[in-house]
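A structural walkthrough
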Amino acid sequence: MDFKIEVVVVPVSDVDRAKDFYTRIGFREDVDFSGPGGFRTRHSGRCALRC
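Attention in this report is confined to the structure presented alongside it. These figures come from a predicted structure and were not determined experimentally.

Below, the discussion takes up helix α1 (residues 15-24). Because each turn of an α-helix spans 3.6 residues, side chains separated by three or four positions end up pointing in the same direction. Where α1 begins, the capping side chain belongs to Asp14, and its oxygen is found 3.3 Å from the backbone nitrogen of Asp16. Gly26 lies just past α1 and shows a positive phi near 105°.

Take a look at the structure:
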């Protein structure tokens, strides 16, 4: 069997700082959404083939 993690929720106090960190270590930004009341969500992915 081949198991993969699909979703990992990582709560942070500074979204922009976390975004910079994950970008530096090779994650790509897929979604960055800001909603009402200061709500913000991001989705990042990483190429499994190191592309």
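Another aspect to go through is the pattern of salt bridges. Summed over all chains, the structure comprises 7 salt bridges. For Asp16, the salt bridge is made with Arg40, and the minimal N-O distance between the two is 3.1 Å. Within this pair, whereas Asp16 is found in helix α1, its partner Arg40 is found in strand β2 (residues 40-45), the two being separated by 24 residues in sequence. Two residues, Glu29 and Arg42, come together in a salt bridge whose shortest N-O distance is 3.7 Å. Residue Glu29 is located in strand β1 (residues 28-34), and its partner Arg42 is located in strand β2; the two are separated by 13 residues in the primary sequence. You can call Glu29 partly exposed: its relative accessible area is 37%.

How each quantity is defined
Residues numbered from 1 in each chain as written. Predicted model: local features only at pLDDT ≥ 70, side-chain atom pairs only at ≥ 80, totals over all residues. Heavy atoms only, no water. Polar contact = N/O pair within 3.5 Å; in protein donor to acceptor, adjacent residues only side chain to side chain. Helix = DSSP H or I, 4+ residues; strand = E, 2+ residues; numbered from the N terminus. Salt bridge = Lys/Arg side-chain N within 4 Å of Asp/Glu carboxyl O. Buried < 20%, exposed > 50% of the residue type's maximum accessible area, 1.4 Å probe, protein only.

Honestly, it's all geometry; don't read function into it.
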